[in-house]
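# Remarks on the overall topology
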Amino acid sequence: MNWTNQSPKHIINDNVYGTVRVPSPIDKILDTVEFQRLRSLKQTGLVYRVYPNCEHSRFVHSLGTFSLAYGLVDKLRHNQPSLNITPADHTCVSVAALLHDVGHGPFSHLFDGEFAKRCGSSFKHEDMSIRCIRRIMMNDDIKSSFESILGTGETYEQNVQFITELISARPFDFKDSESFKALSDSEREEAVKREWSSLVSGRGPEKSFLYDIVSNSDNGHDVDKMDYLLRDSKASGVAITFSEASLYRLLDHVRVVIDPNSGLKRIGYSLKCVGEIKSIGDSRQELHSKVYQHKAVRFIETLMVDALYKAGDLLKYRGTNGKLFSLSEVTEDVEAYLQTSDFVEQEILNSSSSDPRMVEAQQCLLKIQRREIGCKVGCFEMSPKNATQVDGIANNEIGATEVVKKVEERMKQILKATDEAEGLEGKLENIQFRVMHSVLGRGLDEKTHPVERQIFYDGKPKDNDGQPMMGCYVDDDYIINNCPRMATKWEIFVMGDRSLKDECNAGFIEHIKNALREAGEAEKFLTPRKRSPPQDESPDPSCSVAAKRRLFSSNAP
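Definitions and cut-offs
- Residues numbered from 1 in each chain as written.
- Predicted model: local features only at pLDDT ≥ 70, side-chain atom pairs only at ≥ 80, totals over all residues.
- Heavy atoms only, no water.
- Helix = DSSP H or I, 4+ residues; strand = E, 2+ residues; numbered from the N terminus.
- Polar contact = N/O pair within 3.5 Å; in protein donor to acceptor, adjacent residues only side chain to side chain.
- Salt bridge = Lys/Arg side-chain N within 4 Å of Asp/Glu carboxyl O.
- Phe/Tyr/Trp six-rings, centres within 6.5 Å; stacked < 30°, edge-to-face > 60°.
- Lys NZ or Arg CZ within 6 Å of the ring centre and 35° of its normal.
- UniProt positions renumbered as here; feature names shortened; annotations may be inferred.
- Pairing = 2+ DSSP bridges.
- Axes fitted to C-alpha atoms, helices over the stretch in contact; angles between N-to-C directions.
- Patch = residues over 30% accessible without salt bridge, like charges linked within 9 Å, V, L, I, M, F, W, Y side chains within 5 Å.
- Areas by Shrake-Rupley, 256 points an atom, 1.4 Å probe, with all protein chains shown as cover.
- Lys, Arg positive; Asp, Glu negative; His and termini not counted.
- Charge placed at Lys NZ, Arg CZ, Asp CG, Glu CD.
- Parallel < 35°, antiparallel > 145°, perpendicular 65-115°, else oblique.
- Left-handed = near helix turned anticlockwise from the far one by under 90°.
- Contact = heavy atoms within 4.5 Å.
- Nonpolar A, V, L, I, M, F, W, Y, C, P; charged D, E, K, R; others polar.
- 1 Å grid on protein atoms, 1.4 Å probe; cavity = no way out; pocket = protein on both sides within 12 Å on 5 of 7 lines; lining within 4 Å.
- Points joined across faces, edges and corners; volume = space filled by probe spheres on them.
- Domains from an automatic or database assignment.
- Core = buried A, V, L, I, M, F, W, Y, C linked by side-chain atoms within 4.5 Å.
- Buried < 20%, exposed > 50% of the residue type's maximum accessible area, 1.4 Å probe, protein only.
- Expected span 1.5 Å × (residues − 1).

### Structural notes on the side chain of His449
Mapping His449 onto the fold places it in the loop between β8 (433-440) and β9 (455-457). At 3.5 Å, the side chain of His449 and the side chain of Arg442 are in polar contact.

Okay, structure coming up:
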């Protein structure tokens, strides 16, 4: 049976693609408790508190991701029949795209990020997604609907394993171009097979390109990211360089090619689409800067984490065999976990408990509702590599959190000294503020732009003797001329009480801004500012552009 040729069971209106067509038996998954729960989880967490139209759910994002994955595989199946894409392959990729976010908790990344960290947990939503996928696919009704495509017994189990690997595996981590170059073709092929089998078991190396589609850990250019960039940009009204035109151009020029380093089959695009590919990583950083990690959003998130942590032990969810789990414990039981959603905020607000922890949690949420969230009074951007200037501490060990701690400590010292020097009687020293950070990356590590990892093909697409054409990477000149040296930047900013914005406190704001800058320079996170020379001295050639302009204008006839 080939369900890909069947008429769609559901045709759902979508504000990004127009329609999403869901064939049978995929429609069976839409009606499960696990998937319907995604209606109660906002795609962008608490962003809607700043961008009111960003109230779309993970339900619609999952449908959009499914639509892109389904269409991409269908295009490859028709354009390159030599790939031998089977109905089972097509189904597994489509199901993985549909269910890739089914394991998210309340307020999405906030739950498995700051809240989990506060609780001392290492929980990740991908792990829960795998557990939920197995629960769904092992349901008797679902299983009977899919067995005609995915097989029975061990074959069905292998296909379910493949679905989970498509959203969680990192099958290309073993690729080491330098060591591979030294091997002969036969030795390289054997090495790839050996390493591949130790990492994934759902499909062999001949179907490696399927692992690039839903969750691409190698370069991040997957349908999940493409959908949320377009959907979140549209909802927030924040324009990005990656557009619907970019998406359709990529889908028109997608092809499976051979990785020149490993020899594996990978998803590739025409070299003329390099600009569209580059825009994916750039747009990710842009949305993180303006939307996901907006200063007000970050402050609201801290209040929400405080509320969840304070009330967490008092909120109980019934799990397997009737056992009760607190909010921080629900990750231990799928049944209890599935009862949680963004409605936990209302559970706290509606609670009649007189426990001091619940009262404090309610006060945190009321601050959010009353917009008592503080204001930004200063910020600076820094390169992650500057954090390595701290003696004996590597960048990956210090992190942005450690930078914040050091900056805050130094700021307090500077403000105290300023208070004493200007005789402010403790007014400046006792100002309450909070130093925070945003990590604004393009999806990979701090130095690598994702376009460096993407494989392309040059010229017109064609199969040579039934084999995909050889791929290539963009040359170094393109990277040097078009990509920043650091793909990630950190923004360190200070949030203070809104009363600081009053006219009478304007001087305090300047003191805080100066203290922030001086702290960054003192800790060597920032390059010290070049000072303008005194009026009676000629400007130094290395001084600022503004000073040079003044010099030229003064010498003008």
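### Comments concerning the pattern of salt bridges
Here the structure, examined in full by the defined rule, presents 30 salt bridges. Taken together, the shared-partner salt bridges connect Asp212, Asp218, Asp259, Arg266, Asp445 and Arg453 into one network.

### Let's talk about the packing of aromatic side chains
With the rule as written, the count across this model stands at 10 aromatic pairs. Site record: aromatic cluster; members linked through ring pairs are Phe111, Phe115, Phe123 and Tyr337. The ring of Tyr48 is capped by Lys42, whose NZ or CZ atom sits 4.6 Å from the centre of that ring. Against the face of Phe172 rests Arg266, its NZ or CZ located 3.7 Å from the ring centre.

### Things to note about the UniProt feature "coiled-coil region" (unreviewed entry) in the protein chain
According to UniProt, the positions carrying the feature "coiled-coil region" (unreviewed entry) are residues 404-434. Taken end to end, residues 404-434 comprises 61% helix and 6% strand; its first and last C-alpha atoms sit 9 Å apart.

### Concerning the sheet that holds β8
As summarised here, the arrangement of the 3 strands in space is β7-β10-β8, forming an open sheet in which the pairing is antiparallel. Since the sheet does not close on itself, it has two edges, and those belong to β7 (375-382) and β8, each with one partner. Strand-to-strand twist of the sheet, defined as the mean angle between neighbouring strand axes without regard to direction, takes the value 20 degrees. Judged from the 8 bridges that link them, β8 and strand β10 (residues 489-496) form a sheet pairing that is antiparallel. Looking at the pairing, Phe433 lines up with Gly496 of β10.

### Some points on a negative patch on the surface
The grouping of Glu452, Asp475, Asp476 and Asp477 at the surface amounts to a negative patch. By secondary structure assignment, the location of Asp476 is in helix α19 (residues 476-482).

### Quick notes on the packing of helix α3 (residues 58-79) against helix α11 (residues 223-236)
The geometry of α3 relative to α11 is characterised by a closest axis approach of 9 Å and an angle of 130 degrees between their N-to-C directions. Looking at the two axes, α3 sits oblique to α11. When the axes of α3 and α11 are compared, the crossing they make is right-handed. Within the contact between the two elements, α3 uses Val60, His61, Gly64, Thr65, Leu68, Ala69 and Leu72 and α11 uses Val223, Asp224, Met226, Asp227, Tyr228 and Arg231. A breakdown of the residues in the contact of α3 with α11 according to their chemical character gives 7 nonpolar, 3 polar and 3 charged.

### A short note on empty space enclosed by the protein
Under the criterion given, the structure shown has 3 cavities of 30 Å³ or more. The space that makes up the largest cavity amounts to roughly 60 Å³. Lining the largest cavity are Phe111, Phe115, Ala116, Cys119, Ser121, Phe123, Leu327, Ser328 and Thr331. Partitioned by chemical class, the residues of the lining of the largest cavity number 6 nonpolar, 3 polar and no charged. If you count residues domain by domain, the lining of the largest cavity takes at least three from each of domain 1 (28-293 + 448-482) and domain 2 (297-370).

### Concerning the environment of Lys42
Positionally, Lys42 belongs in the loop between α2 (33-36) and α3. Residues Lys42 and Cys54, spaced 12 residues apart in sequence, show a C-alpha to C-alpha distance of 8.2 Å. Excluding residues within four positions of it along the chain, Lys42 makes contact with Tyr48, Glu55, His56, Ser57, Arg58, Ser108 and Asp342.

### Observations concerning the environment of Thr418
Tracing the backbone through its elements, the reader meets Thr418 in helix α18 (residues 395-422). Separated by 93 residues in sequence, Thr418 and His511 have C-alpha atoms that sit 8.2 Å apart. Among all residues touching Thr418, those that are not within four sequence positions of it are Leu428 and His511. Only 2.9 Å separates the side chain of Thr418 from the backbone oxygen of Ile414, close enough to count as a polar contact.

### Overview of the nonpolar core
Within soluble globular proteins, side chains that are nonpolar generally end up buried alongside one another. In this structure, Met137, Ile213 and Tyr269 are the most contacted members of the largest nonpolar core, which totals 127 residues. Excluding residues that lie within four positions of it along the chain, Ile213 makes contacts with Ala69, Leu72, Val73, Val93, Asp222, Val223 and Ile267. In this structure, Leu428, Val494, Phe508 and Ala515 belong to the second largest nonpolar core, which totals 28 residues.

### Here we look at helix α14 (residues 295-311)
Residues lying three or four places apart along an α-helix face the same way, a consequence of the helix completing one turn every 3.6 residues. The terminal C-alpha atoms of α14, which comprises 17 residues, lie 25 Å apart, in line with the 24 Å expected from a rise of 1.5 Å per residue. The buried fraction of α14 amounts to 14 of the 17 residues, a majority that puts the element mostly inside the structure.

### Comments concerning the layout of surface pockets
Rolled over the atoms, a probe with the dimensions of a water molecule shows which regions are left empty. Within this model, the second largest pocket holds a volume of roughly 510 Å³. Lining the second largest pocket are 17 residues, and of these Glu114, Thr302, Arg434, Val435 and His437 lie nearest its centre. Elements with a minimum of two residues in the lining of the second largest pocket: α5 (111-118), α14, α18 and β8. Residues of the lining of the second largest pocket, tallied by class, amount to 4 nonpolar, 3 polar and 10 charged.

### Re a positive patch on the surface
A contiguous patch of positive charge, built from Arg371, Lys376, Arg498, Lys501 and Lys513, is present on the exposed surface. Relative to the helices and strands, Arg371 is located in the loop between α17 (356-369) and β7. What makes Arg371 partly exposed here is its relative accessible area of 35%.

### Description of the sheet that holds strand β4 (residues 265-270)
What the 3 strands build is an open sheet, ordered β3-β4-β9; its pairing is mixed. Each end of this open sheet is capped by a strand with a single partner; those strands are β3 (254-258) and β9. The sheet shows a mean angle of 55 degrees between the axes of neighbouring strands, direction not considered. Note that β3 and β4 share 5 bridges and pair antiparallel. Across the sheet, residue Val254 finds its bridge partner in β4, namely Tyr269.

### Here we look at helix α8 (residues 153-168)
Compared with the 22 Å implied by 1.5 Å per residue over 16 residues, the 23 Å span of α8 between its first and last C-alpha is a close match. Turning to α8, its buried residues are Tyr156, Asn159, Val160, Phe162, Ile163, Thr164, Glu165, Leu166 and Ile167. Check the buried side of α8 and you find it contacts α4 (87-99), α6 (125-137) and α7 (140-150).

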